[in-house]
Amino acid sequence: MLASLQAKFPPALLALADGTVFTGQAIGAAGMTVGEVVFNTAMTGYQEILTDPSYCQQIVTLTYPHIGNYGVNAEDVEGARVQAAGLVIKDLPLLASNFRSSETLPQYLARQGTVAIAGLDTRKLTRLLRTQGAQNGAVLALDPGESLSAEHAQKALAAARSAPSMAGLDLAQKVSAAKPYGWTQTEWQPGSGYGTQQEPQFSVVAYDFGVKYNILRMLAARGCKVTVVPAQTPAADVLAMKPDGVFLSNGPGDPQPCDYAIAATREIVEAGVPAFGICLGHQLMALAFGARTFKMKFGHHGANHPVKDLQTGRVIITSQNHGFAVDAATLPANLRATHISLFDGTLQGLERTDRPAFCFQGHPEASPGPHDCAYLFDRFTASMRQARQAAA
């Protein structure tokens, strides 16, 4: 944090389960938060990252040094509230400037009740997480006038060490909608903001395992009348709606405990309904047909990840946010790899060879991130159109 700002914010600390303690300044709400500490390499999009339900129970470290320079606005959100457990940054700029900004990052964090820390060495923290792997941590932010003590560090360290591992956690139910709802908002455009769908062409049921708003916007912009349903909605209820297609959303946590979603995915795909999964939805589709998933060392979080499309040979730059991956060695005969990461070779895309179903590990909705793989949404609408023509 800039020296001119240090006197304005109370002290704070980050304690990792391995005993490492960082000190800094509290730039959000006072209190303590606990979660898995992960690093994200995106240079922009901190508001979208904070409100992404996939970050539930995770403390996000942003590797880009200057965070908060363009403030916060009411439009750049991917959920109804901040979903990340906490935020860790290096420098909070002296000023926030953007024509769309309505408040500063500290004001937003405080209003959302989000604990955050600035002024620590995020390069050191990132190297530690990259070397040792993601681990649980706790951020303790004090009230104005308080001073850090050894007792504070011990309290945060105990909280970090007692937190449950992300492996084995079903968090989709925690962030999912409580009841079904319709979605008609389309993508944001300069000068006009978000639009409203006028002429729907397809009926799509979207499972909410922690869905990001821009996914729904991109579906609506492509003529999909979207009905969002809770994570535990039985496949029979979805099939009764007679949708043209079913979407399986992103979400937080370990996919393996989500047996209800795995069973629903299996039934829907076997029924021949076109299906498209993203992130957690990708992992659920793999599990539904016999593949296995595993927890990654530190996951993929960022907006600059190169992925190769195996069908075209094209390399696309993608947005990523996941800590679990599908084991390529366990794919059954009717699941074919379509994309791989050029960072580590992990699977990034799959398709059924005998059903109109496919999935992608990254975040093609590009919020934040590049737009290179938006074509996957077009592929989904094309599969629905083909299925409708075949049934005619």
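No experiment lies behind these values; they were computed from the predicted model shown.

The rules behind each value
- Numbering of residues begins from 1 in every chain and follows the order in which that chain's sequence is written.
- A pLDDT threshold of at least 70 governs which residues receive local features in this predicted model, and a stricter bar of 80 or more applies before side-chain atom pairs are shown or counted, although totals over entire chains, interfaces and linings include all residues.
- Values shown for side chains rest on all heavy atoms present in the structure; no hydrogens or waters enter the calculation.
- The way it works is that DSSP assigns letters per residue, a run of H or I at least four long becomes a helix, a run of E at least two long becomes a strand, and they are numbered from the N terminus.
- The contact rule is simple, with two residues in contact once any of their heavy atoms fall within 4.5 Å.
- Partly exposed describes any residue whose relative accessible area lies between the buried limit of under 20% and the exposed limit of over 50%, with all areas from a 1.4 Å probe on protein chains only and scaled to the type maximum.
- Two strands are counted as paired when DSSP detects at least two bridges linking them.
- In this description, a nonpolar core means a group of buried Ala, Val, Leu, Ile, Met, Phe, Trp, Tyr and Cys residues linked to one another through side-chain atoms lying within 4.5 Å.
- To define axes, lines are fitted to C-alpha atoms, for helices over the stretch in contact only, and angles between the resulting N-to-C directions are given on a 0 to 180 degree scale.

**Q** Help me get a handle on the environment of Leu109, residues and values and all.
**A** Within the secondary structure layout, Leu109 lies in helix 3 (residues 105-112). With 82 residues separating them along the chain, Leu109 and Ile27 place their C-alpha atoms 7.5 Å apart. When near neighbours in sequence (up to four residues on either side) are disregarded, Leu109 contacts Ile27, Gly28, Ala29, Leu50, Leu87, Thr114 and Ala116.

**Q** Tell me about the pairing of strand 19 (residues 357-360), and name the residues and values.
**A** Burial along strand 19 is two-sided: the residues Ala357 and Cys359 and Phe358 and Phe360 are all buried. Judged from the 4 bridges that link them, strand 14 (residues 275-278) and strand 19 form a sheet pairing that is parallel. Following the sheet pairing, Phe276 is matched in strand 19 by Phe358. Across 3 bridges, the pairing between strand 18 (residues 347-352) and strand 19 is antiparallel.

**Q** Go over the nonpolar core, please, and point to the residues and values.
**A** Judged by nonpolar contacts, the single largest core of 33 residues is most densely connected at Tyr207 and Phe209. Elements with a minimum of two residues in this core: strand 11 (202-208), helix 8 (235-240), strand 13 (245-248), helix 9 (259-270), helix 10 (280-288), strand 18 and strand 19. Within the second largest apolar cluster, 27 residues are counted, among which are Met218, Val307, Ala374 and Phe377.

**Q** Residues and numbers for the sheet that holds strand 19, please.
**A** Strand pairing in a sheet is mediated by backbone hydrogen bonds. Such pairs are either parallel or antiparallel. In space, the 10 strands of this open sheet follow the order 8-12-11-13-14-19-18-17-15-16, with mixed pairing throughout. The open sheet terminates on both sides in strands that have one partner only, identified here as strand 8 (181-183) and strand 16 (315-326). Strand after strand, the sheet turns through a mean of 25 degrees between neighbouring axes, direction not considered. One ladder, built from 7 bridges, connects strand 11 with strand 12 (residues 224-230); its direction is parallel.

Purely geometric stuff here, so don't read any function into it on its own.
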